[in-house]
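The chain contents come next:
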Amino acid sequence: IYFRVETVRELVRLVDDMQREYGLEKPIWVNETNAAPNLDPWWPVVRPLFQVDLDQQAWYIVQAHALGFSAGAESVAVYKLIDILLPEGGESFGILRPDYSPRPAYLAYKTSIEQLGGFEEAHLQVERDYYMATFSLPERVTRVLWARRDKAVALKVPALTDSAKVVDFLGEQVEITAEEGYYALELEGARCREACDIGGPPLFLVEDGASFENKP
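Remember, it's a predicted structure, so these values are computed and weren't measured experimentally.

## Description of the overall build of the protein chain
Broken down by element type, the protein chain carries three helices and 12 strands. Taking 216 residues into account, the globule formula puts the C-alpha radius of gyration at 17 Å, and the protein chain, at 17 Å, falls close to it. Over its C-alpha atoms, taken along the principal directions, the protein chain stretches across nearly 55 × 45 × 30 Å. Expressed as a percentage of its 216 residues, the buried residues of the protein chain come to 49%. Restricting to contacts in the protein chain with at least 6 residues of sequence separation, those with at least 24 account for 64%. If you sum the accessible surface of the protein chain, you get close to 11,200 Å²; carbon and sulfur atoms cover 51% of it.

## Overview of the state of the cysteines
Tallied over the full model, the rule gives one disulfide. Here Cys192 is linked by a disulfide to Cys196, with a sulfur-sulfur distance of 1.9 Å. One quick way to see it: the torsion about the S-S bond of Cys192 and Cys196 is about 105°, and its sign makes the bridge right-handed.

## What about the nonpolar core?
Counting 40 residues, the largest nonpolar core has Tyr60, Phe135, Val144 and Phe204 as the members making the most contacts within it. Taken together, the elements giving at least two residues each to this core come down to helix H1 (6–21), helix H2 (54–70), strand S4 (75–78), helix H3 (104–116), strand S5 (121–126), strand S6 (130–137), strand S7 (140–147) and strand S12 (203–208). Looking at this core, the element that brings in the most residues is H2, giving nine residues. Once residues lying within four places of it in the same chain are set aside, the contact partners of Tyr60 are Ile1, Tyr2, Phe3, Arg4, Val5, Val8, Thr33, Asn34, Ala35 and Ile198.

## Points about a nonpolar patch on the surface
There is a patch of nonpolar side chains on the surface, built from Leu81, Tyr106, Leu107 and Leu170 and spanning about 330 Å² of accessible area. Locating Leu107 in the fold gives a position in helix H3. For Leu107, a relative accessible area of 36% corresponds to the partly exposed category.

## Here's the deal with the packing of H2 against H3
Direction vectors running N to C along H2 and H3 enclose 20°, while the axes themselves pass 8 Å from each other. Considering the angle they form, H2 stands roughly parallel to H3. When the axes of H2 and H3 are compared, the crossing they make is right-handed. Along its contact with H2, which presents Leu54, Gln57, Ala58, Ile61, Val62 and His65, the element H3 presents Pro104, Ala105, Ala108, Tyr109 and Ser112.

## Looking at the pairing of strand S11 (residues 182–187)
Regular strands have side chains that alternate between both faces of the sheet. By the alternation rule, side chains of S11 split into Tyr183, Leu185 and Leu187, which are all buried, and Tyr182, Ala184 and Glu186, of which none is buried. Of the pairings in the sheet, the one linking strand S8 (residues 153–158) to S11 comprises six bridges and is antiparallel in character. Looking across to S11, one finds that Leu155 is bridged to Leu185.

## Considering H3
An α-helical segment advances 3.6 residues per turn. Residues three or four places apart therefore align on the same side. Its 13 residues place the ends of H3 18 Å apart at the C-alpha level, agreeing with the 18 Å of an ideal helix rising 1.5 Å per residue. For H3, the complete set of buried residues consists of Pro104, Ala105, Ala108, Thr111, Ser112, Gln115 and Leu116. Buried residues of H3, viewed axially, fall in a sector of 115°; they line one side. Buried-residue contacts for H3 involve H2, S6, S7, strand S9 (163–168) and S12. Once H3 ends, the next one or two residues include Gly118, with phi positive near 85°.

## A look at the side chain of Arg9
If you trace the backbone, Arg9 turns up in helix H1. Other than its neighbours up to four places away in sequence, Arg9 contacts Leu67, Ala71, Leu124 and Val126.

## As for the side chain of Arg140
Along the chain, Arg140 turns up in strand S7. Asp208 provides the closest opposite charge to the buried, salt-bridge-free Arg140, at an N-O distance of 4.8 Å. Separated by 3.2 Å, the side chain of Arg140 and the backbone oxygen of Gln115 make a polar contact. Filtering out sequence-adjacent residues up to four positions away, Arg140 remains in contact with Glu114, Gln115, Phe135, Val206, Glu207, Asp208, Gly209 and Ala210.

Definitions and limits used
Residues numbered from 1 in each chain as written. Predicted model: local features only at pLDDT ≥ 70, side-chain atom pairs only at ≥ 80, totals over all residues. Heavy atoms only, no water. Helix = DSSP H or I, 4+ residues; strand = E, 2+ residues; numbered from the N terminus. Rg over C-alpha atoms; globule rule 2.2 N^0.38 Å. Buried < 20%, exposed > 50% of the residue type's maximum accessible area, 1.4 Å probe, protein only. Contact = heavy atoms within 4.5 Å. Areas by Shrake-Rupley, 256 points an atom, 1.4 Å probe, with all protein chains shown as cover. Disulfide = S-S within 2.5 Å. Core = buried A, V, L, I, M, F, W, Y, C linked by side-chain atoms within 4.5 Å. Patch = residues over 30% accessible without salt bridge, like charges linked within 9 Å, V, L, I, M, F, W, Y side chains within 5 Å. Salt bridge = Lys/Arg side-chain N within 4 Å of Asp/Glu carboxyl O. Axes fitted to C-alpha atoms, helices over the stretch in contact; angles between N-to-C directions. Parallel < 35°, antiparallel > 145°, perpendicular 65-115°, else oblique. Left-handed = near helix turned anticlockwise from the far one by under 90°. Pairing = 2+ DSSP bridges. Expected span 1.5 Å × (residues − 1). Arc of directions from axis to C-beta. Lys, Arg positive; Asp, Glu negative; His and termini not counted. Polar contact = N/O pair within 3.5 Å; in protein donor to acceptor, adjacent residues only side chain to side chain.

Without other data, these values stay purely geometric and don't point to any function.
The structure is reproduced here in structure tokens:
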């Protein structure tokens, strides 16, 4: 599944529906997903469709995991870690460049593992302008939020605790405090060219000590 991140959720749900139709209940694995960047200044690629910069590849990684897991996938695999023996100007999918230097997507993948690894339950809130995926983990609740369109979205997110960490896709974090039972967040808009194939910069809202049973 490549480039159009919302397709991750659509295809996982489609496979789940097909299984139920035939009385099957097998784990669903997304074996390959990514958005190969062609606008990497260190490794430019000429491509007629799907113009993707380095930030967008990183945003895709986080969004694909949130959409896949919340749709019921058991595993989401990124294609790929690094491109080996790639000719200069060849399409590079790696979260590491062919010279082994890390792209922002590498940090986004690391952050996704740190913030979502070991989750027990997940669900997705779908809105016209944004997504919010909520994950239950041992002793905390983590929500992943991002804008779906090219306009910023201001949100008041119901608080489960008095304070939380906001972690960006690169792993940088700040502490925020709830005001009157809500966290105030602003999601940056997506970079839409032909279409909004990848949402805007995702944020992780992490509440230690929160319970999934008290989710909004």
